[in-house]
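What the coordinates show
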Amino acid sequence: MIEEKMILNGVKIGLETHISLPTKSKLFCSCSNIAKENEGANTRICPVCLGHPGTKPSLNQKAIELGIKLAIVFNCELSKKSFFSRKTYFYPDLSKNFQITQYEIPICQNGNATIKIDDKEKKIRIRRIHLEEDPAKIIYQKESTFLDYNRSGSPLMEIVTEPDFSTSKEARIYLQNIMSLLEYLDLSNGEETNIMKSDANISLKNGTRVEVKNIGGVREVEKALKYEFLRQKNLIEKDVKIERETRGWVDKLGISKSLRSKEFEEDYGYIFEPDLPYICIDEKQINAQKDKIPELLEQKAKRIKKIYGLNEKTIERIVRYKDLADLFEYLCEKKIDAKLASSWVVGPILKTLNWNNTRFFLLKIDKEDIFMCLEDYTNKKHSDFVCEKIIQKMVEEAKNKRNFSYKHIIKKFGFSSSKIDVDEIIKKILNENKAVYEEYLTGKQKALDFLVGQVMRETKGAAKPQEVKDKISNYNK
Ligand SMILES: [Zn+2]
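As a starting point, this report considers the structure included with it. (Residues numbered from 1 in each chain as written. Predicted model: local features only at pLDDT ≥ 70, side-chain atom pairs only at ≥ 80, totals over all residues. Heavy atoms only, no water.)

**Description of the overall build of the protein**
- In terms of helices and strands, the protein carries 19 helices and 16 strands.
- Projected onto its principal axes, the C-alpha positions of the protein cover 90 × 55 × 55 Å.
- Look at the contacts in the protein between residues 6 or more apart in sequence, and 66% of them connect residues 24 or more apart.
- When the accessible surface of the protein is split by element, carbon and sulfur atoms take 51% of a total near 25400 Å².
- With 84 positive and 72 negative side-chain charges, the protein shows a spacing of 2 Å between the two charge centroids. (Helix = DSSP H or I, 4+ residues; strand = E, 2+ residues; numbered from the N terminus. Contact = heavy atoms within 4.5 Å. Areas by Shrake-Rupley, 256 points an atom, 1.4 Å probe, with all protein chains shown as cover. Lys, Arg positive; Asp, Glu negative; His and termini not counted. Charge placed at Lys NZ, Arg CZ, Asp CG, Glu CD.)

This is the structure:
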C-alpha cells in the first residue's frame, strides 16, 4: 500500500486550500459574483475588478461574516483587528499588478480540524484562514491568450494547515470533510472542482519541500500527492538532489511538472493596502454568526444514532452528504424503516448519483417521489431490481431535464406498480413453451435459462431470477 510507504518515508504534507465563497457580489465591488450559464467573457466587470488606476475597493461585509463562520467551525482564534495587504506580482491575470490579500494578520489563526482514519481520530492544525481576491482567468487557445475578468475579484477563503498529514489519504479525507462542511453551511453548489483548489507541499524525511499548485477538487489532490511522493522517492533512490520548487499539476496527464523555483513569501513584497479599513471583529459579530451555524455533521450523526440506532459506518456515510442525510430523515419520518431507508440511500441511490456524476440536491428530485418508490417496494409492488431501475431512470431523466416524477417514470418506461404474481406468470410461460420445458426436464440447462428469461421479460424484470429458477425446478413437484 502506498500509504504505508508514505509513512515509512516520513512524508509530511501541508495544504493551502482556496474556497470560492458564494457571495452575491464580488469582494471589493458590486459586480455580480454569480456566474450565469453560458455567460460571455468579461460581462461581469467594472473598473474596480479590472484594476484600473485610481479606483478604490470597498469591502463586502458578507465575506467577513462567512470568514467568521468558518473560523468558528475550525476552532480558530479570530483576530480582533486584521487588515488587507497588497501582494505584488506581475502577471496578466491581475492587471493592477498586485493581489489584495491578507498576510501579516489574517482573519483568524490557530484552529484545528479532526479527521477519522481507520476509526482513529487525528487532529490537523489549521495555521490560518485568510481572505483574498481571485485573479482573472487566463485562457490559452492555440497561439492566442485570452483573459476573462468575470472571476476577477471573487472572494476566496484560504485555509492553511500545518504539515500534519502523513499520507495522501489523510489529505483526501480532510478535503472531503471540508466539502461536506461547506454543504452543511450552504456554501456549496456541488461543483467541487470550481469551489475548491489546493496547493499541496510535500516532503520526505525532512527533506526539501516541493509545492504542487492549483489542484482542483478532492480526488486530484490525492492523485497529485501520490505522484509527487513516488517522483521524489525515485530521485532520492538515485541520489539526485530534490530542488525546492513550485510544480503544476496537469490533471489530464496525471503528472506534476516544474513551473519555477520556489519563491519565498518575502519575494512578493507585501505592503499594507491603504484603500481598505481595518477589519474589526467584536463579540457581538461572533455571537451573531454562532447563532447562524446549523446542525453540522457530527451533531447530525449523534442525533441519527440516538433516534434510529444504525451502526456507525452507515451513519458516517449518510451524514457525509447533507442532501442525502435530509433524504434519509425524510424517508424515516414517512415511516420507511430506518435500516431499509439507509441501505437505499447510501446504496443504490448514492451509487446511481455517483455513476451519473451528479448530486441529489442539484437534480431537484422530490423526496416524496423517492418515498413513493420505496413504499411500493416495501409493499412488494416492486422487486429490488425494479426499484433500482426506477431510481436510475429518475436520476437520468432529471439530469437530462426531462419529467422525472415517479408516476411519470413508471408510465413512460412501463414499470408495473401493481403486485405481480410470479407463480401465475411461470404457469403461463411453461404452458406456452411446453416443448422447451420438456427439454429442461431431460436435463438441458439452456432450456431452463430460456424459460427464466421469458418469465423475467413477462414481469419486466420485477421477479428475482434465482427465485424464478427455483420455482421452475420445483414446478409440479
Ligand atoms: Zn467589479
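**Examining the nonpolar core**
- Of all hydrophobic cores here, the largest spans 107 residues; its most connected members are Phe-74 and Tyr-174.
- For this core, the leading source of residues is helix H4 (residues 168-184), giving 9 residues.
- Summarising the domain contributions, this core has at least three residues from each of domain 1 (2-290) and domain 2 (295-412).
- Setting aside residues up to four positions removed in sequence, Tyr-174 forms contacts with Leu-15, Thr-17, Ala-113, Ile-115, Ile-126, Ile-159, Thr-161 and Phe-165.
- In this structure, Ile-429, Ala-447, Ala-463 and Ile-472 belong to the second largest nonpolar core, which totals 17 residues. (Core = buried A, V, L, I, M, F, W, Y, C linked by side-chain atoms within 4.5 Å. Buried < 20%, exposed > 50% of the residue type's maximum accessible area, 1.4 Å probe, protein only. Domains from an automatic or database assignment.)

**Comments concerning the coordination of the zinc ion**
- The coordination sphere of the zinc ion contains the protein donors Cys-29 (SG), Cys-31 (SG), Cys-46 (SG) and Cys-49 (SG), at a distance range of 2.3 to 2.4 Å.
- Sequence spacing of the donor residues for the zinc ion, all on one chain, is C-x1-C-x14-C-x2-C. A residue pair is termed long-range when its members are at least 10 positions apart, and Cys-29 in the loop between strand S1 (12-20) and helix H2 (47-50) and Cys-49 in helix H2 qualify at 20 residues. Grouping residues by exposure puts Cys-29 and Cys-49 together as buried. (Donors = N, O, S within 2.8 Å, 3.2 Å for Na, K, Ca; no water.)

**Description of unusual backbone geometry**
- Notably, Asn-110 is not glycine yet its phi reads approximately 55°, a positive angle.
- Topologically, Asn-110 is positioned in strand S6 (residues 108-117).
- Judged by relative accessible area, Asn-110 falls into the partly exposed class, the value being 45%.
- Notably, Asp-119 is not glycine yet its phi reads approximately 70°, a positive angle.
- Within the element layout of this structure, Asp-119 appears in the loop between S6 and strand S7 (120-133).
- Residue Asp-119 is classed as exposed on the basis of its relative accessible area of 58%.

**A look at the sheet that holds strand S15 (residues 271-272)**
- Read from one edge to the other, the open sheet built from 3 strands follows the order S5-S4-S15, with strand pairing classed as antiparallel. Two strands bound the open sheet, and with one partner strand each, they are strand S5 (98-101) and S15.
- Two elements, strand S4 (residues 85-88) and S15, share 2 bridges in a ladder whose sense is antiparallel. For Arg-86, the partnering residue across the bridge sits in S15 and is Ile-271. (Pairing = 2+ DSSP bridges.)

**Observations regarding the side chain of Glu-329**
- By the element assignment, Glu-329 lies in helix H10 (residues 322-333).
- Given the relative accessible area of 9%, Glu-329 is considered buried.
- Contact partners of Glu-329, with chain neighbours within four places excluded, come to Lys-300, Arg-303, Ile-304 and Tyr-308.

**Examining the pattern of salt bridges**
- In total, this model carries 41 salt bridges according to the counting rule given.
- The salt bridge involving Glu-458 is made with Lys-428; its shortest N-O contact spans 2.7 Å. Placement of Glu-458 in helix H18 (residues 445-458) and of Lys-428 in helix H16 (residues 422-432) is noted, with a sequence separation of 30 residues between them.
- The class of Glu-458 is partly exposed, set by a relative accessible area of 38%. (Salt bridge = Lys/Arg side-chain N within 4 Å of Asp/Glu carboxyl O.)

**Some remarks on the packing of H10 against helix H13 (residues 367-378)**
- In contact at an axis separation of 10 Å, H10 and H13 are set at 55° when each is read in the N-to-C sense. With respect to their mutual orientation, H10 and H13 come out oblique. Viewed along their axes, H10 and H13 form a crossing whose handedness is right-handed. Only Lys-367, Glu-368, Ile-370, Phe-371 and Leu-374 of H13 make contact with H10, whose side of the interface consists of Asp-326, Leu-327, Tyr-330 and Leu-331.
- When the residues that make up the contact of H10 with H13 are grouped by side-chain class, the tally is 6 nonpolar, no polar and 3 charged. (Axes fitted to C-alpha atoms, helices over the stretch in contact; angles between N-to-C directions. Parallel < 35°, antiparallel > 145°, perpendicular 65-115°, else oblique. Left-handed = near helix turned anticlockwise from the far one by under 90°. Nonpolar A, V, L, I, M, F, W, Y, C, P; charged D, E, K, R; others polar.)

**Description of helix H17 (residues 434-441)**
- Listing the buried residues of H17 in full gives Val-436, Tyr-437 and Tyr-440. Taken end-on, H17 shows its buried residues confined to a sector of 100°, consistent with a single buried face. When the buried face of H17 is taken as reference, the exposed residues oriented beyond 90 degrees from it are Lys-434, Ala-435, Glu-438 and Leu-441.
- Backbone geometry just downstream of H17 places Gly-443 in the positive-phi region, at approximately 105°. (Arc of directions from axis to C-beta.)

**Digging into the packing of aromatic side chains**
- All chains considered together, the criterion is met by 11 aromatic pairs.
- Residues Tyr-308 and Phe-328 carry aromatic rings whose centres are separated by 5.4 Å and whose planes lie at 80° to one another, so their mutual orientation is edge-to-face. With Tyr-308 in helix H8 (residues 297-308) and Phe-328 in helix H10, the pair connects residues that are 20 residues apart, well separated along the chain.
- Here Tyr-308 falls in the partly exposed class, since its relative accessible area comes to 22%.
- Using a relative accessible area of 0% as the deciding quantity, one classes Phe-328 as buried.
- When the ring of Tyr-437 is compared with that of Tyr-475, the centres are 6.0 Å apart and the planes differ by 90°; the resulting orientation is edge-to-face. With Tyr-437 in helix H17 and Tyr-475 in the segment after helix H19 (465-473), this pair connects stretches of sequence that are 38 residues apart.
- Assessed through its relative accessible area of 23%, Tyr-475 is described here as partly exposed.
- Three or more aromatic residues joined by ring pairs make a cluster, and in this case those are Phe-83, Phe-272 and Tyr-278.
- Of note, Lys-81 hangs over the ring of Tyr-278, and the distance from its end group to the ring centre comes to 4.3 Å.
- Lying over the aromatic face of Phe-98, Lys-96 brings its terminal NZ or CZ to 5.5 Å of the ring centre. (Phe/Tyr/Trp six-rings, centres within 6.5 Å; stacked < 30°, edge-to-face > 60°. Lys NZ or Arg CZ within 6 Å of the ring centre and 35° of its normal.)

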